[in-house]
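Residues per chain are reported as follows:
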Amino acid sequence: MTPSLPPLWRRAVAELLGTCLLVSIVVGSGIAAEQLSPGDVGLQLLQNSTATVFGLTVLILMLGPVSGAHFNPVVSLADWLLGRRSGAGLTLPEVGVYVAAQVAGGIGGSILANAMFDVGTSISTKERLTGGHVLGEVVATAGLILLIFALARTSRGVLAAPAVGAYIGAAYWFTSSTSFANPAVTVGRIFSDTFAGIAPGSVPGFVLAQLAGAAVGMGLLLVLFPSAGRSADDVVIPHHADKADS
């Protein structure tokens, strides 16, 4: 018998908190990097990516047992799509709650980071949308989806925290877009006109690329692991009530 999941409200709080802290890590470390290493963009990116790797790993370990630590609308959407036939994963209403919590958390994370560094919250003017960036987002998101669901299907969810952190850290450097790979994080980063910001005009293209990347990742997953949907309840890591202090 499959253990029950924690209540939806508790999972939503975990998703909101986790996405908020994730964006505050990304934006806050970007602000710190600009202040500590002015004029050296490569060093700024190294500092930003290193903080994100460690921060994301810790957040997955901390909140994964409650909500699965999706922190990402494309992960939640893929969880629903892949799990439908086997009756696993999120329901469509749960996806809506997760996504709303993630987007709200992403916006809150930018505002929090701005406040911590005494930087006024303002709309970013950093245009990022190019053909290369769009392709980079497709690649980054496809790899993320493939990694997460492959780990769940092969009962290696215990490795998700370091593996996802390592992948995002690598993708900062091997993709031209620096691997946003997350619509909620993308929207949140609109609200900080700093190193990690993104102009509103670049966001639709990034989000469409992320959705396309998720579709590519799911297609590859089903080729390599045809029954991956059966493990949707264990994405990103197992999150059952008996493990989440019901």
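The model shown is predicted, which means the values in this text are computed figures rather than measured ones.

Draft legend 1. Inspection of the overall build of the protein at higher detail. What the protein contains, in helices and strands, is 8 helices and 0 strands. The order of helices and strands in the protein, counted from the N terminus, is α-α-α-α-α-α-α-α. Taken over C-alpha atoms, the radius of gyration comes to 17 Å for the protein, in line with the 18 Å a tight globule of 246 residues would show. Dimensions of the protein along its principal axes, counting C-alpha atoms only, are 55 × 35 × 30 Å. Looking at the protein as a whole, 54% of its 246 residues are labelled buried. Relative to all contacts within the protein whose residues are 6 or more apart in sequence, the contacts with residues 24 or more apart total 82%.

Draft legend 2. The arrangement of unusual backbone geometry in detail. Here V235 and V236 are connected by a cis peptide whose omega angle stands at -10°. Here V236 shows up in the segment after α8 (203-224). Despite not being glycine, S179 shows a phi value in the positive range, around 55°. Within the element layout of this structure, S179 appears in the loop between α6 (160-174) and α7 (183-188).

Draft legend 3. The arrangement of the side chain of T175 in detail. In this structure, T175 sits in the loop between α6 and α7. Residue T175 is classed as buried on the basis of its relative accessible area, which comes to 6%. Engagement of the side chain of T175 in a polar contact is seen with the backbone oxygen of A171, the distance being 2.6 Å. Setting aside residues up to four positions removed in sequence, T175 forms contacts with G136 and A140.

Draft legend 4. Up close: the packing of helix α1 (residues 8-36) against helix α2 (residues 41-67). It is at 9 Å that the axes of α1 and α2 come closest, and there the two elements cross at 165°. Classified by the interaxial angle, the pair formed by α1 and α2 is roughly antiparallel. Of the two elements, α1 crosses α2, and the hand of that crossing is right-handed. Class assignment for the residues of the contact of α1 with α2 results in 13 nonpolar, 9 polar and 4 charged.

Draft legend 5. Representation of a nonpolar patch on the surface. On the surface, a nonpolar cluster with roughly 320 Å² of combined accessible area is contributed by L77, L81, L208 and L211. Within the residue set of the nonpolar patch, elements represented by two or more residues are α3 (73-83) and α8. Structurally, L81 is set in helix α3. Judged by its relative accessible area of 31%, L81 falls in the partly exposed class.

About the criteria used
Residues numbered from 1 in each chain as written. Predicted model: local features only at pLDDT ≥ 70, side-chain atom pairs only at ≥ 80, totals over all residues. Heavy atoms only, no water. Helix = DSSP H or I, 4+ residues; strand = E, 2+ residues; numbered from the N terminus. Rg over C-alpha atoms; globule rule 2.2 N^0.38 Å. Buried < 20%, exposed > 50% of the residue type's maximum accessible area, 1.4 Å probe, protein only. Contact = heavy atoms within 4.5 Å. Polar contact = N/O pair within 3.5 Å; in protein donor to acceptor, adjacent residues only side chain to side chain. Axes fitted to C-alpha atoms, helices over the stretch in contact; angles between N-to-C directions. Parallel < 35°, antiparallel > 145°, perpendicular 65-115°, else oblique. Left-handed = near helix turned anticlockwise from the far one by under 90°. Nonpolar A, V, L, I, M, F, W, Y, C, P; charged D, E, K, R; others polar. Patch = residues over 30% accessible without salt bridge, like charges linked within 9 Å, V, L, I, M, F, W, Y side chains within 5 Å. Areas by Shrake-Rupley, 256 points an atom, 1.4 Å probe, with all protein chains shown as cover. Salt bridge = Lys/Arg side-chain N within 4 Å of Asp/Glu carboxyl O.

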